[in-house]
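Chain by chain, the residues run as shown.
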Amino acid sequence: MRYLGLDLGTKTLGVAISDATKTIATSLETIRFSELDYDSAIEKLKVLLKDFNVEKIVLGFPKNMNNTVGESGKRTLTFKEKLETSFHIPVIMQDERLSTVEATNYMLEANASRKMRKVKVDSVAANIILQTYLDKEKGR
């Protein structure tokens, strides 16, 4: 059993997966869909949840820096409800403030090209979201 980490955007869904011991997160892929067509993203997730025997989803929660919930946060809460209704497994909200900035900085340090950063930033952000949750759960 594993955990799946998600970073939701308006046209993309970054996906990361934990190892079986729930210690290490790994970037998996970025699901692309038409703007705000979250139902098609759910369909693509069905395969991943089955293939990886996922028991919990960790969804990045984009709060404003002053801890309020803006439009992105509201969309994410709606997506959380869709996930819970579709899959009947726990969906945990993980604060994701600055995760995309952190992901971009990691890739810049690794000398990733601009094209590669554009392709990978969402899955790397999902990786950061999931790893943060795993570390918190293990008390690190």
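Rules of the game
Residues numbered from 1 in each chain as written. Predicted model: local features only at pLDDT ≥ 70, side-chain atom pairs only at ≥ 80, totals over all residues. Heavy atoms only, no water. Helix = DSSP H or I, 4+ residues; strand = E, 2+ residues; numbered from the N terminus. Buried < 20%, exposed > 50% of the residue type's maximum accessible area, 1.4 Å probe, protein only. Contact = heavy atoms within 4.5 Å. Areas by Shrake-Rupley, 256 points an atom, 1.4 Å probe, with all protein chains shown as cover. Pairing = 2+ DSSP bridges. Axes fitted to C-alpha atoms, helices over the stretch in contact; angles between N-to-C directions. Expected span 1.5 Å × (residues − 1).

## What about the overall build of the protein chain?
Okay, step 1: For the protein chain, the count of helices and strands is four helices and five strands.
Okay, step 2: Start at the N end of the protein chain and walk to the C end: the helices and strands fall as β-β-β-α-β-α-β-α-α.
Okay, step 3: Here the protein chain holds 140 residues, and 44% of them are scored as buried.
Okay, step 4: If you take every contact in the protein chain between residues at least 6 apart in sequence, the share linking residues at least 24 apart comes to 64%.
Okay, step 5: Counting only carbon and sulfur atoms, one obtains 52% of the accessible surface of the protein chain, whose full area is about 7,600 Å².

## Focus: unusual backbone geometry
Okay, step 1: You will see that N53, though not glycine, has its phi angle at about 55°, which is positive.
Okay, step 2: Positive phi, normally seen in glycine, also occurs at N67, with a value near 75°.
Okay, step 3: Mapped onto the elements, N67 comes out in the loop between β4 (54-61) and α2 (71-87).

## Topic: the pairing of strand β2 (residues 12-18)
The side chains of a regular strand alternate, residue by residue, between the two faces of the sheet.
Okay, step 1: With seven of seven residues buried, β2 is to be regarded as a mostly interior element.
Okay, step 2: Here β2 shows no split at all, with T12, G14, A16 and S18 on one side and L13, V15 and I17 on the other all buried.
Okay, step 3: With seven bridges joining them, β2 and strand β3 (residues 25-32) adopt antiparallel strand pairing. Opposite I17, over in β3, you have T26 as the bridge partner.
Okay, step 4: Between β2 and β3, which pair antiparallel one after the other, the connecting turn spans six residues, and K22 there sits at a positive phi close to 60°.

## Concerning the sheet that holds strand β1 (residues 2-8)
Okay, step 1: Taken in spatial order, the five strands line up as β3-β2-β1-β4-β5 in an open sheet, and their pairing is mixed. Here the strands that pair on one side only, and so sit at the sheet edges, are β3 and β5 (91-95). On average, each strand axis in the sheet is tilted by 25° relative to the strand beside it, whichever way the strands run.
Okay, step 2: Strands in contact with helix α1 (residues 38-51) are β1, β2, β3 and β4; relative to β3, the strand with the most contacts, it is inclined by about 140°.

## Some details on α1
Okay, step 1: Between the first and last C-alpha of α1 there are 20 Å, a value that for 14 residues agrees with the 20 Å anticipated at 1.5 Å per step.
Okay, step 2: Buried residues of α1: Y38, A41, I42, L45, L48 and L49, and no others.
Okay, step 3: Tucked inside the fold, the buried residues of α1 contact β1, β2, β3, β4 and α2.
Okay, step 4: One or two positions beyond α1, positive phi appears at N53, with a value near 55°.

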